Amino acid sequence: QIGDPAGTVAGKVIELLKYENKVDAEIVRATAAEALKANKLTTVNNSTDTAYTFLASDANTCHTVNTSAETTRTVPSDSTAPNILIGDSIEVVNVGTGTVTFAAASGVTLLSSLTLVMYGQYSVCMLRKIAANTWILTGERTAV
């Protein structure tokens, strides 16, 4: 029976241990998948406002602008939105036909290789906080 423990108490324990290891592996896989989902920009905040200052709740989300009017999106200071952490980002998508311009709140540095104006309808930009009160703007913008 030692060589072939099937049907014995020891055999049942061995089968349970094998099953437990499979369950543990599945739990680890599912937890890793949830962690990957949590790191993605899954929340979409739709906005038709012509003037909007980003909030802490906008961090790590996709902010869509849907208006035919000219709009301004203001990057807040650390004193206004202290819960936006260094490394956080805000994706901005212009789905409307209006011009979207970015502005920096008082005390904020907004770095950009091009202008602070999105290219046009369906253009996408990314704001990323890289230091205290310092953000970088990348993406589809009009040339300097």
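Here's what I pulled together on the structure shown here.

Calculation notes
Residues numbered from 1 in each chain as written. Predicted model: local features only at pLDDT ≥ 70, side-chain atom pairs only at ≥ 80, totals over all residues. Heavy atoms only, no water. Pairing = 2+ DSSP bridges. Helix = DSSP H or I, 4+ residues; strand = E, 2+ residues; numbered from the N terminus. Axes fitted to C-alpha atoms, helices over the stretch in contact; angles between N-to-C directions. Buried < 20%, exposed > 50% of the residue type's maximum accessible area, 1.4 Å probe, protein only. Contact = heavy atoms within 4.5 Å. Polar contact = N/O pair within 3.5 Å; in protein donor to acceptor, adjacent residues only side chain to side chain.

### Comments concerning the sheet that holds strand E3 (residues 61-65)
Here is step 1 of the chain: Read across the sheet, six strands follow the order E1-E3-E5-E8-E9-E7 without closing on themselves; strand pairing throughout is mixed. Only two strands of the sheet have a single partner each, and these edge strands are strand E1 (44-47) and strand E7 (109-112). Within this sheet the neighbouring strands show an average axis-to-axis angle of 25°, counted without direction.
Here is step 2 of the chain: Here four bridges tie E1 to E3, and the two strands are oriented parallel to one another.

### Brief notes about the environment of Thr 67
Here is step 1 of the chain: Along the polypeptide, Thr 67 turns up in the loop between E3 and strand E4 (71-75).
Here is step 2 of the chain: Residue Thr 67 is classed as buried on the basis of its relative accessible area, which comes to 15%.
Here is step 3 of the chain: Sequence spacing of Thr 67 and Val 95 is 28 residues, and the spatial spacing of their C-alpha atoms is 7.7 Å.
Here is step 4 of the chain: Those residues within four positions of Thr 67 in sequence are excluded, and the remaining contacts are Thr 48, Gly 96, Thr 97 and Gly 98.
Here is step 5 of the chain: A distance of 3.2 Å separates a polar atom in the side chain of Thr 67 from the backbone nitrogen of Ala 69.

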